[in-house]
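Given next are the chains, with one letter for each unit.
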Amino acid sequence: MFEVAADAYDRFMGVYSAQLAPQLADFAGVRSGQRVIDVGCGPGTLTAELVARLGAENVVAADPSDAFVAAARQRYPGVDVRSAPAEALPFADGSFDAALAQLVVHFMTDPVAGLREMGRVTREGGTVAANVWDLAGGRAPIDPFWRAAKQLRDDVEDESGRPGARAGHLADLFRSAGLRHVEEGELTASVRYERFEDWWEPYMHGVGPAGAFVQKLDEEGRAELRERARRLLPEPPFTVDSVAWAARARA
């Protein structure tokens, strides 16, 4: 799903995740002197924020995508970047002061196992934190896309049913993983688009379920989807405001 070029992800979701990263780090209480792991790091948007706060030598990152691992290693040469899924982190118990996962819990093969692993590699009393877009509440950046897709085809399966994507569910997953003192919050991001094409073009590169849906359409289907999305969005320039659920807990 995410074996795509890093710059494609940057244009698609990176413009939003760059705004979430400092908020998630604040929410998790990341501060100087800590050693922190970025789980499901992608090409390194959250990694960059952690490096700025802690120094590269105190940041570790992991992702199952070879393309993203290569990109993160190139961008942050002092960071220990591993090829590994959240459900099988190659680190000893209690290796980190905090484990963070940005916009990845809903893509984990087994979210409870992934969060449990994050807790395992975090020292006792350390922090586990994650965020997921409010996909079920219609407050995700890709909400206009999926609304247009549903107008195009009745059988479209959007991302609203994914783990952690509805009110309270991310916190429930944390509790199911055995994490303690779970707290919830909301994070926000807003991106301004000067032209409709600036919004539409990133969907053409196969990133995530939305990009995969576009790639399965023929040329006529893509054109119709594009037109339906254009009608749903305001006249440019316009701003897409988004909200992500966040949860934090003690390991």
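So, here is what we can say about the structure in this document. Each chain carries its own residue numbering, running from 1 in the direction its sequence is written. Given that the model is predicted, a residue must reach a pLDDT of at least 70 before its local features are reported, and side-chain atom pairs must reach 80 or more before they are shown or counted; all residues, however, enter totals for whole chains, interfaces and linings. Side-chain measures were taken over the full set of non-hydrogen atoms in the model, leaving aside hydrogen atoms and water.

Section: the packing of helix α4 (residues 111-120) against helix α6 (residues 169-176)
Stated formally: Here an angle of 0 to 180 degrees is reported between the N-to-C directions of two axes, which are lines fitted to C-alpha atoms, with helices fitted over the stretch in contact. Put simply, DSSP H or I for four residues or longer makes a helix, DSSP E for two residues or longer makes a strand, and each gets a number counted from the N terminus. For any pair of crossing helices, the crossing counts as left-handed if the nearer helix is rotated counterclockwise from the farther one by less than a right angle, and right-handed if it is rotated clockwise. Contacts were defined at the residue level, with two residues in contact if any of their heavy atoms lie within 4.5 Å. Under the scheme applied, nonpolar residues are Ala, Val, Leu, Ile, Met, Phe, Trp, Tyr, Cys and Pro; charged residues are Asp, Glu, Lys and Arg; polar residues are all the others, including Gly.
Running from N to C, α4 and α6 point in directions that differ by 65 degrees, and their axes come no closer than 8 Å. You can see that α4 and α6 cross each other, and the crossing is right-handed. Contacts between α4 and α6 involve P111, V112, L115 and R116 on the former and, on the latter, L173, F174 and S176. Its residues assigned to classes, the contact of α4 with α6 shows five nonpolar, one polar and one charged.

A short note on empty space enclosed by the protein
Gaps left between atoms show up when a probe the size of a water molecule is rolled over them. Defined as follows: Buriedness for pockets is judged along seven lines, at least five of which must meet protein on both sides within 12 Å for an open set on the 1 Å grid over protein atoms alone, while cavities are sets there where a 1.4 Å probe fits but cannot get out, and lining residues have an atom within 4 Å of a point. Grid points are joined across faces, edges and corners, and a volume is the space filled by probe spheres set on the points.
Throughout the structure, instances matching the rule amount to one cavity of 30 Å³ or more. Put simply, the largest cavity is a space of about 70 Å³. The biggest single contributor to the lining of the largest cavity is helix α1 (residues 6-27), with four residues. Grouping the constituent residues of the lining of the largest cavity by class yields nine nonpolar, no polar and one charged.

With respect to the layout of surface pockets
Here the second largest pocket defines a volume of roughly 200 Å³. Around the second largest pocket, the lining residues are W146, R153, D155, V156, E157, P209, A212, F213 and K216. Among the elements that take part in the lining of the second largest pocket, helix α8 (residues 208-216) stands out by supplying four residues, more than any other.

As for unusual backbone geometry
Leave glycine aside and you will find that most residues have negative phi; peptide bonds, for their part, are mostly trans. Following P236, the chain continues into P237 via a peptide bond in cis, with omega recorded as 0 degrees. Looking at the element boundaries, P237 is found in the loop between α9 (219-232) and β7 (238-250). You will see that L103, though not glycine, has its phi angle at about 55 degrees, which is positive. Tracing the chain through its elements places L103 in the loop between β4 (96-102) and α4. Its identity is not glycine, yet H181 carries a phi of approximately 55 degrees, on the positive side. With respect to the helices, strands and loops of the structure, H181 is situated in strand β6 (residues 180-193).

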